[in-house]
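Observations on the model geometry
Each chain is listed here by its residues.
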Amino acid sequence: MTNLHRLSIRELSEGLQQGKFSSRELTQHYLKRIEKIDAQVKSYVTVTPELALSQANAADAAIKAGNATALAGIPLAHKDIFCTQGVRTSAGSKMLDNFISPYDATVVTKAKAAGLVTLGKVNMDEFAMGSTSESSYYGATKNPWNLDYVPGGSSGGSAAVVAADLAPFATGTDTGGSIRQPASFCGLTGLKPTYGRISRFGIIAFASSLDQAGPMARSAEDCAYLMNVIAGHDAKDSTSVDKEVDDYVANLNATSVKGLRIGIPKQYFNVAGLAADVKARVEESLKKLEDMGAILVEVDLNMVEAYVPTYYLIAPAEASSNLSRYDGVRYGYRCENPVDLMDLYKRSRSEGFGEEVKRRILIGTYALSAGYYDAYYVKAQKVRRLIQQDFLKAFEQVDVIAAPSAPTTAYKIGANLSPTEMYLGDVYTLAVNLAGLPAINAPVGLDDHNLPVGLQLIGNYWSESQLLSIVHQYQQNTDFHTQRAAIAEENA
Ligand code: GLN
């Protein structure tokens, strides 16, 4: 079989269970593709062939013995922010270039327990700060639709591996859009779950009150399979919530699009930087959902102008605190020949962190310092609550809220946006994290450069099943999610 990389997760599961191919064959197939194609895409930071093949052998044995779980033997790539025992976990930073994690993140443990095969670790913006994946110490990942463009970020590697058919699905994390925006730029489906749905244990922390892991894949159905594996309470993460987990696959048709009330925040569609092509594709997708029986309702979300400033205070504040652990003493990068302890701290951090990370540490430290704490950090937290209340008010009227995932399609590599230009590109995703809500990106067509456009649907708390179900039904009636990136077509 030569086209194993074109199969959906369900087809892979059936093929493996029915013995049409083995996990070893499937894994080798992916490893060969990575070897052949990834020099162009540059999505993997670390490939783990030995680990993958030993997991594949174990999965094949379990399948033969008749005691394998549904996903046993299917390959998966992890964003390089998830700690993986015995494997480098870099978070895209020179600071952690030499860090071999002594333990697995809970998401990784769960993936292993489900029999999934780890292909390797994929590229990302340094410490997940960014929207292009260009800030990685390992260099930029390319967008599989057009190698001159970025795949988005920070989970750009996760998006690129799936779009280039270098992994059937991948894990990502989303602190302010890092699952949804790269999914949008690469024509994928990506789900940012409710804060607390998935354990953060073993995920290198960026902004702890915003970080959340989630699946990135071709379709809502593929995402649902991964959600079934990784969602759930974890005693090792006190912010993970002890709440029953849905069967996301079984629920794929459980929400009726007929009669579904979709909120259209008019303020979102008046954002200055919203590209005409993006607006048009998103509106067409909403028309399609309307044809399928949904009811479009105008809603007010009045805080749009506060999203970027609020997030870009709170996220750096938390980051400056989280990143204080990288001191050159306990683990991570250490400078050469320090003259004293202060020199060791200063130079290890100056040399180990990249520019964007340092910018955030400076902003965050400033906002948290004694004289400015009330004026900036406390103020931002109050605005954060108002943003959340704005959403809850809208959810009294509607079931879900529709928006673009990003105001534009992918940027050119090296476009060198100023920090503020880059931050403004996050306008549609940040508020979801500030409010702790779930949201999904679905591909809804291409712009006039043949780059993908994404529709974002934002749900109320714990509505992951509903979001996946709506997108699943949309995908039963459209074929945008089946369109392949150029490099995937060239290597079909
Ligand atoms: N682009 C946003 C930032 O740089 C979001 C990143 C993320 O979600 N990890 O903070």
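Below is a summary of the structure that appears in this document. Here the structure is a predicted model, which means the values were calculated and not measured.

A few points about the overall build of the chain
- Helix and strand counts for the chain come out as 16 helices and 11 strands.
- Here the chain has a C-alpha radius of gyration of 21 Å; the compact-globule value for 492 residues is 23 Å, and the two agree.
- The C-alpha extent of the chain, read off along each of the three principal axes, is 65 × 55 × 45 Å.
- Of all 492 residues assigned to the chain, the portion counted as buried reaches 62%.

A few points about the site of the ligand
- As a structural note, the neighbourhood of the ligand is formed by 15 residues, with Ala 128, Gly 176, Ser 178, Tyr 311 and Arg 360 the closest of them.
- Gly 176 is positioned with one of its backbone polar atoms (N or O) 2.6 Å from an oxygen atom of the ligand.
- Within the complex, 99% of the 300 Å² of free accessible area of the ligand lies under protein.
- Here the residues of the shell around the ligand are counted per class, giving 5 nonpolar, 7 polar and 3 charged.

Some words on the packing of aromatic side chains
- This model, assessed by the stated rule, comprises 16 aromatic pairs.
- Measuring from ring centre to ring centre gives 5.1 Å for Phe 127 and Tyr 326, while their planes differ by 45°; the resulting arrangement is tilted. Remark: Tyr 326 occurs in the loop between α9 (304–322) and α10 (341–352) and Phe 127 occurs in the loop between β3 (117–122) and α5 (156–163); sequence separation between them is 199 residues.
- Since its relative accessible area comes to 1%, Phe 127 is described here as buried.

Focus: α5
- Burial runs high along α5: 8 of the 8 residues are buried.
- Of all the residues in α5, the buried ones are Gly 156, Gly 157, Ser 158, Ala 159, Ala 160, Val 161, Val 162 and Ala 163.

Looking at helix α7 (residues 220–230)
- Taken across its 11 residues, α7 has 10 buried, putting it largely inside the fold.
- Residues of α7 that are buried: Ala 220, Glu 221, Asp 222, Cys 223, Ala 224, Tyr 225, Leu 226, Met 227, Val 229 and Ile 230.

What counts, and where the lines are drawn
Residues numbered from 1 in each chain as written. Predicted model: local features only at pLDDT ≥ 70, side-chain atom pairs only at ≥ 80, totals over all residues. Heavy atoms only, no water. Helix = DSSP H or I, 4+ residues; strand = E, 2+ residues; numbered from the N terminus. Rg over C-alpha atoms; globule rule 2.2 N^0.38 Å. Buried < 20%, exposed > 50% of the residue type's maximum accessible area, 1.4 Å probe, protein only. Near = heavy atom within 4 Å. Polar contact = N/O pair within 3.5 Å; in protein donor to acceptor, adjacent residues only side chain to side chain. Areas by Shrake-Rupley, 256 points an atom, 1.4 Å probe, with all protein chains shown as cover. Nonpolar A, V, L, I, M, F, W, Y, C, P; charged D, E, K, R; others polar. Phe/Tyr/Trp six-rings, centres within 6.5 Å; stacked < 30°, edge-to-face > 60°.

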